[in-house]
Amino acid sequence: MVAEGPGVAVAEPKAPASSLSAEIQIDLYRQMVRIRRFEEKSAQAFMRAEIKGFCHLYIGQEAVAVGALAALEPRDAVITAYRDHGIALARGTPARACMAELLGKKTGCSRGMGGSMHLFHRANHFYGGHAIVGAHTALAAGLAFAQQYENTGGITLCFLGEGAVNQGVFAETLNLVSLWKLPIVFLIENNDYAMGTSVSRSSAGLPLVNRASAFDLAGRTANGMDVEDVRKKVAEAVSLARTEHLPTLLEVSTYRYRGHSMSDPDTYRTKQEIEEWKKRDPILLYREKLEERQVLLDALAKQIDGEARAEAQDALTFAEESPEPDLDLAFSLLFSPEDQIDPILRPRYSDI
Ligand SMILES: Cc1ncc(C[n+]2csc(CCOP(=O)(O)OP(=O)(O)O)c2C)c(N)n1
């Protein structure tokens, strides 16, 4: 409370109340903390060479995955590029299965065959985890086409980096999803840098959301450091896709606090710029907001943090103790088992 004038007590300004229940608000916070702690643990494992190959961390972008996936239903499909750990976790892939995949173990969600960039969890309709920039946007259109064709009522949410928007395949994809009125949302995670190239050096016609109008899509923006804003904007876009078959291009501004990958010396941006963005850390900001709303008390925040740290450590221990994948899997996984091939396609396969 602050005093204003003699004897008049005025309450301190509170964060605006949310239409979300306290339970949902706490869960949004918890999911972001889980991802942050998981990624910190991944960084440690990478430094000890337990994780090999590439490793792209999601630290700073947690509100995007958590807000967006909170707006989906289980029947919806999700697909992304290689910065996929946070998205897999927010979609419900267990931390153990994610970490085991990062270590290339048999118990990983892709059976150790994919690694950091290729997390996959079909039971959750999470279709990867893709390393080729922009290529998965066309796969996303295929998922949405199947949803419409099979009348599942589901929609597809496709995450992509702003570095993917100038790939030709993305323009072709936007054209087709609009023409065919597919139930899809493209969410551009604009963290300003594609490796070391800022968006203003690579893309004409900013902001990127302008590209929606060229293809007659709904164009929207969201603040990617604000988990509730992301959730709200994605929910609106999902509703357009599900009920009106209108695809959306949603540009979400965000920032990654670490380098492009673990091997990036990060020399293309100033420390001052990073520090400025850290003042808008999505986890700290949301914690402050929830404290002002008196939804999150200090003891609960500490408990959430402790549980997230324990989960990340448990995931790493599990991954370390897991066996390597069997070598023959590398060959047998190249082709689907005969009985899983679509009956329409089977005659063609048997010709091969
Ligand atoms: C077709 C293709 N070209 C180049 C690369 C190399 N590459 C890997 S990541 C990357 C930057 C992509 O940045 P963005 O899409 O903004 O995603 P972010 O890393 O910011 O999540 C590039 C150029 C690639 N993987 N695929």
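Residues numbered from 1 in each chain as written. Predicted model: local features only at pLDDT ≥ 70, side-chain atom pairs only at ≥ 80, totals over all residues. Heavy atoms only, no water.

Visitor: I tried to follow the sheet that holds strand S5 (residues 184-190) on my own but got confused; where do I start?
Guide: Where strands meet in a sheet, backbone hydrogen bonds hold them as pairs that are either parallel or antiparallel. On the basis of which strands lie adjacent, the open sheet formed by 5 strands has the order S3-S4-S5-S9-S8 and parallel pairing. What marks the edges here is a single partner per strand, and that holds for strand S3 (77-79) and strand S8 (218-223). Across this sheet, the average inter-strand angle for adjacent strands is 20°, counted without regard to direction. Sheet topology places strand S4 (residues 156-161) next to S5; 6 bridges connect them, and they run parallel. Bridge pairing links Gly-161 to Glu-189 in S5. The strands that helix H2 (residues 62-69) touches are S3, S4, S5 and strand S9 (248-253); relative to S4, the one it contacts most, it runs at about 170°. (Pairing = 2+ DSSP bridges. Helix = DSSP H or I, 4+ residues; strand = E, 2+ residues; numbered from the N terminus. Axes fitted to C-alpha atoms, helices over the stretch in contact; angles between N-to-C directions. Contact = heavy atoms within 4.5 Å.)

Visitor: Could you clarify how one ought to interpret the side chain of Thr-248 in this entry?
Guide: Within the element layout of this structure, Thr-248 appears in strand S9. The class for Thr-248 is buried, based on a relative accessible area of 0%. If we ignore the near neighbours within four places in the chain, the residues touching Thr-248 are Ile-184, Val-185, Phe-186, Ala-218, Arg-220, Ala-237 and Leu-240. (Buried < 20%, exposed > 50% of the residue type's maximum accessible area, 1.4 Å probe, protein only.)

Visitor: Would you explain the pairing of S4 in this entry?
Guide: Across a regular strand the side chains alternate sides, sitting on one face of the sheet and then on the other. Of all the 6 residues making up S4, 5 are buried; the element is thus mostly covered by neighbouring parts of the structure. In the sheet, S3 pairs with S4 via 3 bridges, with the strands oriented parallel. Looking at the pairing, Ile-79 lines up with Cys-158 of S4.

Visitor: Whenever I open this one, the state of the cysteines confuses me. Can you help?
Guide: In protein chemistry, a disulfide is the covalent bond that joins the sulfur atoms of two cysteines. What the rule picks out here adds up to 0 disulfides. Looking at Cys-98, it has no disulfide partner, and the nearest cysteine sulfur is the one in Cys-109, 5.0 Å off. Under the relative-accessibility criterion, Cys-98 is labelled buried at 0%. Relative accessible area serves as the criterion here: at 19%, Cys-109 is assigned to the buried category. (Disulfide = S-S within 2.5 Å.)

Visitor: How do you make sense of the packing of aromatic side chains when you look at a structure like this?
Guide: Any aromatic ring pair is given by two values, namely how distant the centres are and how the planes are angled relative to each other. Scanning the entire structure with this criterion turns up 7 aromatic pairs. A ring pair is formed by Tyr-193 and Tyr-268, whose centres lie 5.3 Å apart and whose planes are at 50°; its orientation type is tilted. With Tyr-193 in strand S6 (residues 193-194) and Tyr-268 in the loop between S9 and helix H10 (271-278), the pair connects residues that are 75 residues apart, well separated along the chain. Note on Tyr-268: relative accessible area 23%, which makes it partly exposed. Arranged with centres 6.2 Å apart and planes meeting at 55°, the rings of Tyr-255 and Tyr-257 form a pair that is tilted. (Phe/Tyr/Trp six-rings, centres within 6.5 Å; stacked < 30°, edge-to-face > 60°.)

Visitor: Teacher, can you tell me more about the confidence of the model for the chain here?
Guide: Low pLDDT marks regions whose predicted coordinates should not be analysed in detail. Scored by pLDDT, the chain has a mean of 93; 92% of the residues are at 70 or more. Across residues 1-11, confidence stays below pLDDT 50; counting only partners more than four residues off in sequence or on other chains, it has 10 contacts. (pLDDT = per-residue confidence, 0-100.)

Visitor: For this particular structure, what's the right way to read the packing of H2 against helix H9 (residues 227-244)?
Guide: Two quantities define a packed helix pair, namely the angle between the axes and the distance from one axis to the other. Direction vectors running N to C along H2 and H9 enclose 40°, while the axes themselves pass 7 Å from each other. What the angle tells us is that H2 and H9 run oblique. Like other packed secondary-structure pairs, H2 and H9 cross with a definite hand, here right-handed. Contacts between H2 and H9 pair Ala-63, Val-64, Val-66, Gly-67 and Ala-68 from the former with Val-227, Val-230, Arg-231 and Val-234 from the latter. (Parallel < 35°, antiparallel > 145°, perpendicular 65-115°, else oblique. Left-handed = near helix turned anticlockwise from the far one by under 90°.)

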